[in-house]
Amino acid sequence: AERLGCGTMSLYRHVANKDELVTFMLAAGPGPPPSPPAGTDWHGALMNWARELWCVYHRHPWILQTASAGPPADPGQLAWLDAALAALSDTGLTEREKLSAVVAVLVFTRGSAALAIEARGVDDREYPALLRRLVDPARFPALAAAVDAGVFDQADDGPLTEFHSGLGQLLDGIAAQ
């Protein structure tokens, strides 16, 4: 509405309903998908795609709530899906395997971004301290081992490092396929 120079409610003169407005917002909000960096293989291209999608979610957190209404169906989302599938074009994966790989990367990226955004207001020291008080090693032995190893202590470089690490593990699994 601001970009068009009109009132928010006047947008409804141009769209049928809120669902259609949200569809248009989802098509335009993220912008075009990134082009793969020159000279990168599928791994680098998909890593870049996921990193840029992570950034979209952080610039426009509202997308995380609205985009869960169904599979990609607007030109903007379809362009992102196409770009990710294109990154896998020379892998030898079947079309179904490519889609499965892209969905896995999409879900991981979306979930990681949502957790990072939701955790912004939490003191990085409070959660690990809370876990140390609440986790009974007899009841939750694997979780207790993780807490004792300090995996919940916030790294100096933050959630983006955790995202890159997890994404790398996921892409290594795709490479094995």
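### Details of the overall build of the protein chain
- From N to C terminus, the protein chain includes eight helices and zero strands.
- Each helix (α) and strand (β) of the protein chain, taken in turn from the N terminus, gives the series α-α-α-α-α-α-α-α.
- Each principal axis of the C-alpha distribution contributes one length, and for the protein chain these read about 60 × 45 × 30 Å.
- Relative to its 177 residues, the protein chain shows a buried fraction of 31%.
- Here the protein chain displays about 11100 Å² of accessible surface, and carbon together with sulfur accounts for 58% of that area.
- A distance of 6 Å separates the average location of the 13 positive side-chain charges in the protein chain from that of its 21 negative side-chain charges.

### Thoughts on helix H8 (residues 159-176)
- The end-to-end C-alpha distance of H8, which contains 18 residues, comes to 26 Å, matching closely the 26 Å that a straight helix rising 1.5 Å per residue would cover.
- Along H8, the positions that sit buried rather than exposed are Phe 163, Gly 166, Leu 167, Gly 168, Leu 171 and Ile 174.
- As for H8, its buried residues are in contact with helix H2 (42-59) and helix H5 (95-118).

### Re the nonpolar core
- In terms of nonpolar packing, the biggest core is built from 30 residues, with Leu 46, Trp 49, Val 105, Leu 167, Leu 171 and Ile 174 touching the most fellow members.
- Those elements that place two or more of their residues in this core are helix H1 (18-28), H2, helix H3 (62-66), helix H4 (75-87), H5 and H8.
- The biggest single contributor to this core is H2, with 10 residues.
- In contact with Trp 49, other than residues within four places in its own chain, are Pro 34, Trp 80, Ala 83, Ala 84, Val 102, Val 105 and Leu 106.

### What to know about the packing of aromatic side chains
- Applying the stated criterion across every chain, the model contains four aromatic pairs.
- Relative to Phe 163, the ring of Trp 54 lies with its centre 4.5 Å away and its plane at 25 degrees, an arrangement referred to as stacked. Taken together, the positions of Trp 54 in helix H2 and Phe 163 in helix H8 put the pair 109 residues apart, joining distant regions of the chain.
- Residue Phe 163 is classed as buried on the basis of its relative accessible area of 1%.
- An angle of 75 degrees between the planes, with centres 5.9 Å apart, marks the rings of Tyr 127 and Phe 152 as edge-to-face. Residue Tyr 127 is located in helix H6 (residues 126-134), and its partner Phe 152 is located in the loop between helix H7 (141-148) and H8; the two are separated by 25 residues in the primary sequence.
- We classify Tyr 127 as partly exposed; its relative accessible area is 41%.
- Put simply, the rings of Trp 54, Phe 108 and Phe 163 pair up and form one aromatic cluster.

### Looking at the packing of H2 against H4
- At a minimum axis distance of 8 Å, the contact between H2 and H4 shows a crossing angle of 155 degrees. By the criterion of interaxial angle, the relationship of H2 to H4 is roughly antiparallel. Packed against H2, whose contacting residues are Trp 42, Ala 45, Leu 46, Trp 49, Glu 52, Leu 53 and Val 56, the element H4 presents Trp 80, Ala 83, Ala 84 and Ala 87 at the interface.
- Residue composition of the contact of H2 with H4, grouped by class: 10 nonpolar, no polar and one charged.

### Some points on the confidence of the model for the protein chain
- Residues with a pLDDT of 70 or more make up 92% of the protein chain, whose mean pLDDT is 86.
- Per-element confidence in the protein chain is highest for H2, whose mean pLDDT is 95, and lowest for H1, whose mean pLDDT is 73.

### Quick notes on the pattern of salt bridges
- Taken as a whole and judged by the stated rule, the model has two salt bridges.
- Among the salt bridges present, the one from Glu 95 reaches Lys 98, with a minimum N-O distance of 2.9 Å. Placement of both Glu 95 and Lys 98 in helix H5 is noted, with a separation of three residues, approximately one turn of the helix.
- Exposure remark for Glu 95: the relative accessible area of 57% places this residue in the exposed category.
- For Lys 98, a relative accessible area of 7% puts it in the buried group.

### Some words on the side chain of Ser 112
- On the secondary structure map, Ser 112 appears in helix H5.
- The class of Ser 112 is buried, set by a relative accessible area of 17%.
- Ignoring anything within four residues of it in the chain, the contact list for Ser 112 reads Trp 54 and Phe 163.

Criteria and thresholds
- Residues numbered from 1 in each chain as written.
- Predicted model: local features only at pLDDT ≥ 70, side-chain atom pairs only at ≥ 80, totals over all residues.
- Heavy atoms only, no water.
- Helix = DSSP H or I, 4+ residues; strand = E, 2+ residues; numbered from the N terminus.
- Buried < 20%, exposed > 50% of the residue type's maximum accessible area, 1.4 Å probe, protein only.
- Areas by Shrake-Rupley, 256 points an atom, 1.4 Å probe, with all protein chains shown as cover.
- Lys, Arg positive; Asp, Glu negative; His and termini not counted.
- Charge placed at Lys NZ, Arg CZ, Asp CG, Glu CD.
- Expected span 1.5 Å × (residues − 1).
- Contact = heavy atoms within 4.5 Å.
- Core = buried A, V, L, I, M, F, W, Y, C linked by side-chain atoms within 4.5 Å.
- Phe/Tyr/Trp six-rings, centres within 6.5 Å; stacked < 30°, edge-to-face > 60°.
- Axes fitted to C-alpha atoms, helices over the stretch in contact; angles between N-to-C directions.
- Parallel < 35°, antiparallel > 145°, perpendicular 65-115°, else oblique.
- Nonpolar A, V, L, I, M, F, W, Y, C, P; charged D, E, K, R; others polar.
- pLDDT = per-residue confidence, 0-100.
- Salt bridge = Lys/Arg side-chain N within 4 Å of Asp/Glu carboxyl O.

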